[in-house]
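# Observations on chain architecture
Spelled out, the chains give:
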Amino acid sequence: MTEPSAARAWAVIGLFERPEDLLRAAARLRGSPLGRVQAYTPYPVHHLDEALGLRRSPLGGMVFVMGVLGALTAFAFQYWMSAVDYPIVTGGKSPRSWQAFVPITFEVMVLFATLTAGLGMLFLLNRLPDIFHPMLASRAMEKITRDRFALALESSGGQGVDVDAAKKVILELGAQEVEVLPLPAPAPAAPLNFLLGLGGALVAACVLAGYSTYWVIKLYPELPPMSHMERQPRLNAQSPSGFFKDGRGMRPAPVGSVARGHRPYLIKTPEEAARLVNPLPRTTETMEKGRVLYAVYCRVCHGFLGDGRTTLTSAYGAKPADLRIKRLALAPDGTIYHAIMVGKNAMPSYAYELKEDERWAVIHYLRALQRAQDARESDIP
Ligand code: HEC
């Protein structure tokens, strides 16, 4: 116990020239009853935390937890957007395809982790910016920020440090200089003016930015934000272009190319086509599809009932076939498919208007029209 009459101070600071001296002194001073032992260095000194007996930093654990949280957040958010809220199939992949979420999941994990590491270290653990720290008022601080290493015995709980005892211990440890910070803890050179100035400047900048934006928008309401999107070079359909030798803007498909969903049709005769089998099952859905397509593509010529009573005037020279005649009713589906694919005399090909399954659906419907002419009681469901 020190005598109550002894001189007391907020801190007694010892300055060392080399980090090794500081480490040795810190290890010896650790747990001193005189006051709280603190070290101040111009750069991080390895093993100082061990020498001071500091507990392991919780920062690693915090970073891990926040990283996992970031990854989960990003993944869940993307999943919700892509698979739940607004599912869109892009490039033929399922909206639930998790592989697409990996890059952003990774990035948000890194973002959460680095922010936690940086901000957590500065604000949460180190409680920076500590601009009112009494040490900032010491002469020693100037030297510490250059090339000195300091060990301080600081008052804990406000009773102050016994100056004589602390000085003695610190000098014994090999300090070159000793400084005493008197009680009450001195306030450092007022940073208040600086803070007020900074705050004022920020407010002024915000007001200026707000007002200028307001006036620019008011004075130039039509200012196009991104004109390069409006005025970009482009090629209209059917218009010429000097880019290719033949001067055409639209390019014909390369010879032999096959469009998606269109198989090349190599059959030449109706006899050969007879072996084709209608791949569609005769369902209500198919029938309905066939009915609509027949009405769009065939009815003008072949009539509502397929009886060849055309709605065209006599200006159309040919006579469309009655599709209900026995020959066609008995003909295999493939024969009719062939008529749609290659046409017949005055009937043009409908290969490009109808897709493969649409042709077969029309044929199903056509069969119903034929059957309707010769219906039996058993046909009624
Ligand atoms: C522009 C009018 C027109 C349209 C539209 C039309 N056809 Fe024809 N179709 C004809 C004419 C004309 C014939 C008779 C050709 C001949 O025998 O000279 C015919 C004949 C046929 C034949 C009989 C072929 C044969 O082997 O005798 C079938 C089957 C046929 N059409 C089905 C269809 C289907 C299915 C559609 C709708 C996808 C359709 N047609 C659309 C004019 C048309």
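Whatever comes next refers back to the structure up there.
In what follows, the accompanying structure is described. (Residues numbered from 1 in each chain as written. Predicted model: local features only at pLDDT ≥ 70, side-chain atom pairs only at ≥ 80, totals over all residues. Heavy atoms only, no water.)

Of all 6 residues in strand β3 (residues 149-154), 6 are buried; the element is thus mostly enclosed. Residues of β3 alternate between two faces, with Phe 149, Leu 151 and Leu 153 on one and Ala 150, Ala 152 and Glu 154 on the opposite face, all of them buried. In this sheet, β3 lies alongside strand β1 (residues 8-16) in antiparallel orientation, the contact comprising 6 bridges. Bridging across to β3, Gly 14 finds its partner in Leu 151. (Buried < 20%, exposed > 50% of the residue type's maximum accessible area, 1.4 Å probe, protein only. Helix = DSSP H or I, 4+ residues; strand = E, 2+ residues; numbered from the N terminus. Pairing = 2+ DSSP bridges.)

One can find Gly 67 in helix α3 (residues 59-85). When its relative accessible area of 6% is taken as the criterion, Gly 67 is described as buried. For Gly 67 and Pro 224, which are 157 residues apart along the polypeptide, the C-alpha to C-alpha distance reads 41 Å. For Gly 67, the contacting residues outside a window of four places in its chain are Met 109 and Ala 113. (Contact = heavy atoms within 4.5 Å.)

Residues Phe 16, Leu 48, Leu 151 and Leu 153 are the most contacted members of the largest nonpolar core, which totals 21 residues. Looking at this core, the elements with two or more residues in it are β1, α1 (19-29), β2 (36-40), α2 (48-52), β3 and α6 (163-172). Counting residues per element, this core draws most heavily on α1, at 4 residues. Ignoring any residue separated from it by four or fewer positions in sequence, one finds Leu 151 in contact with Val 12, Ile 13, Gly 14, Phe 16, Leu 22, Ala 25, Ala 26, Leu 29, Val 37, Gln 38, Ala 39 and Ile 170. Among the nonpolar cores identified, the runner-up in size contains 18 residues, and Tyr 294, Ile 340, Trp 360 and Val 362 belong to it. (Core = buried A, V, L, I, M, F, W, Y, C linked by side-chain atoms within 4.5 Å.)

Attention shifts here to helix α14 (residues 356-372). In a regular helix each residue adds 1.5 Å, so 17 residues correspond to 24 Å; α14 covers 25 Å between its end C-alpha atoms and thus fits that length. Buried residues dominate α14, accounting for 12 of its 17 residues. Along α14, the positions that sit buried rather than exposed are Glu 358, Arg 359, Trp 360, Ala 361, Val 362, Ile 363, His 364, Tyr 365, Leu 366, Arg 367, Leu 369 and Gln 370. Along its buried surface, α14 packs onto α10 (284-297), α12 (326-330) and α13 (333-342). (Expected span 1.5 Å × (residues − 1).)

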